[in-house]
Amino acid sequence: MDLAGKTALVTGAGRGIGRGVALCLARAGADVAVADLEAGAAASAAAEIAALGRRSLALQVDVADEASVAAMLAGTTDAFGRLDVAVNNAGVLSAGNLADLSVAEWDRVFAVNVRGTFLCCRAELAVMAEAGRGAVVNMASVAGKVGFPGVSSYCASKFAVVGFTGAIAREYARTGVTVNAVCPGVVDTAMWNSDEGLSERFRQPGETREQAWQRSVEGLFPQGVPQTVEDIGQAVIFLATAPHVTGQALNVDGGYTSH
């Protein structure tokens, strides 16, 4: 699917799924604004996109901050003159049992995953609706469809993203703009495989992190293999180029969910 001549904005694009999606969009022909809380990570990803022969822009953003999001949108439109695809990927994870979950940690997860998605969508849709075209893709999760123990705040935030996506898709349905979400299953990124990742959280006594990762993949997902950042990127590209698909939360989870 060809995105030549299009401009994309990806948040949380300094690493992990966001970086993979940004690179997929660039390979499909888009110029890409890379936004991340860490300026160095954004600059690194933008340089990789530039090496592919596409225009790129590195932006530092705190998606939970209204002024920061406004500056990100202004920087993107000033540099590229248009915005065709927006991927709201920035997100955080909090793992722990409900009894140990603090109000501060709950609020941190919702500030980034829900407030951040709201602020970005509101700013992006203002630009796109005025132009009469565009596609917004929010990054949700299989955890926005099915509850998982030990990550209640993350699940709640992603369920919120799925519901919010459906609501605003209907609200903007006659503007020429589509709004969808992608729900990844398990992707080998730091959110899973790091000192604070899910593999470590769910590791059983005597089990290595790698063993916990493999057990999670084989036990939960019918295909028995993890998804890749390229899988998620291809789903984003499909949604970005499908003019009559809107209000959907597309599962990319190896068959874990069946609806």
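What you see is a predicted model, and the numbers here were worked out from it, not measured in a lab.

K.L.:
Any chance you could explain the layout of surface pockets here in plain terms?
P.N.:
Empty pockets left among the atoms are what a rolling probe the size of a water molecule brings to light. By volume, the second largest pocket is sized at about 200 Å³. Along the wall of the second largest pocket there are 15 residues; nearest its centre are K6, G134, A135, A240 and T241. Broken down by secondary-structure element, the contributors of at least two residues to the lining of the second largest pocket are β5 (134–139) and α8 (229–240). Within the lining of the second largest pocket, the residues separate by chemical class into 7 nonpolar, 4 polar and 4 charged.

K.L.:
What should I look at first to understand helix α5 (residues 152–171) in this one?
P.N.:
Taking 1.5 Å as the rise per residue, α5 with 20 residues should run 28 Å; its terminal C-alpha atoms sit 29 Å apart, in good agreement. Of all the residues in α5, the buried ones are S153, Y154, C155, S157, K158, V161, V162, T165, I168 and A169. Looking at the packing, one finds that the buried side of α5 touches α4 (103–131), β5, β6 (177–184) and β7 (249–252).

K.L.:
So what exactly am I meant to see when it comes to the pattern of salt bridges here?
P.N.:
A side chain with one charge can pair with a side chain of the opposite charge if their charged atoms come near. A full pass over the atoms with the stated rule returns 8 salt bridges. As a salt-bridge pair, R133 and D84 come within 2.9 Å of each other at their nearest N and O atoms. With a gap of 49 residues between them, R133 in the loop between α4 and β5 and D84 in the loop between α3 (66–80) and β4 (85–88) connect regions that are remote in the sequence. R108 serves as the salt-bridge partner of E105, at 2.7 Å between the closest nitrogen and oxygen. Placement of the pair is E105 and R108 together in helix α4, with a separation of 3 residues, close to one helical turn. For E105, a relative accessible area of 23% corresponds to the partly exposed category.

K.L.:
Can you walk me through the packing of α4 against α5 in this structure?
P.N.:
Angle between the axes and distance between the axes are the two parameters that describe a pair of packed helices. Viewed as axis vectors pointing N to C, α4 and α5 meet at an angle of 15 degrees, and their least axial separation amounts to 8 Å. The pairing of α4 with α5 is recorded here as roughly parallel in orientation. Where α4 crosses over α5, the handedness of that crossing is right-handed. Residue-level inspection shows W106, V109, F110, N113, V114, T117, F118, C121 and L125 of α4 in contact with α5, the latter providing S152, S153, Y154, A156, S157, K158, A160, V161, F164 and I168. Looking at the contact of α4 with α5 residue by residue, the classes come out as 13 nonpolar, 5 polar and 1 charged.

K.L.:
How do you make sense of the side chain of D31 when you look at a structure like this?
P.N.:
Residue position: D31 is located in strand β2 (residues 31–36). Here D31 falls in the buried class, since its relative accessible area comes to 7%. At a separation of 3.0 Å, a polar atom in the side chain of D31 contacts the main-chain amide nitrogen of R55. D31 has contacts with K6, T7, A8, R54, R55 and F80, leaving out every residue within four places of it along the chain.

K.L.:
It is not clear to me how α4 should be interpreted in this structure. Could you clarify?
P.N.:
Along an α-helix, a turn takes 3.6 residues, which lines up residues three or four apart on a common side. With 29 residues, α4 should cover 42 Å at 1.5 Å per step; its first-to-last C-alpha distance of 40 Å lies within 8% of that length. The largest bend in α4 is about 40 degrees, located at A111. On its buried face, α4 is in contact with β1 (7–11), α3, β4, β5, α5 and β6. Count one or two residues on from α4 and you reach G132, which has phi positive near 75 degrees.

Reading the values: the criteria
Residues numbered from 1 in each chain as written. Predicted model: local features only at pLDDT ≥ 70, side-chain atom pairs only at ≥ 80, totals over all residues. Heavy atoms only, no water. 1 Å grid on protein atoms, 1.4 Å probe; cavity = no way out; pocket = protein on both sides within 12 Å on 5 of 7 lines; lining within 4 Å. Points joined across faces, edges and corners; volume = space filled by probe spheres on them. Helix = DSSP H or I, 4+ residues; strand = E, 2+ residues; numbered from the N terminus. Nonpolar A, V, L, I, M, F, W, Y, C, P; charged D, E, K, R; others polar. Expected span 1.5 Å × (residues − 1). Buried < 20%, exposed > 50% of the residue type's maximum accessible area, 1.4 Å probe, protein only. Contact = heavy atoms within 4.5 Å. Salt bridge = Lys/Arg side-chain N within 4 Å of Asp/Glu carboxyl O. Axes fitted to C-alpha atoms, helices over the stretch in contact; angles between N-to-C directions. Parallel < 35°, antiparallel > 145°, perpendicular 65-115°, else oblique. Left-handed = near helix turned anticlockwise from the far one by under 90°. Polar contact = N/O pair within 3.5 Å; in protein donor to acceptor, adjacent residues only side chain to side chain. Bend = angle between axes of the 7 residues up to and from the residue.

Shape descriptors only; they carry no functional weight alone.
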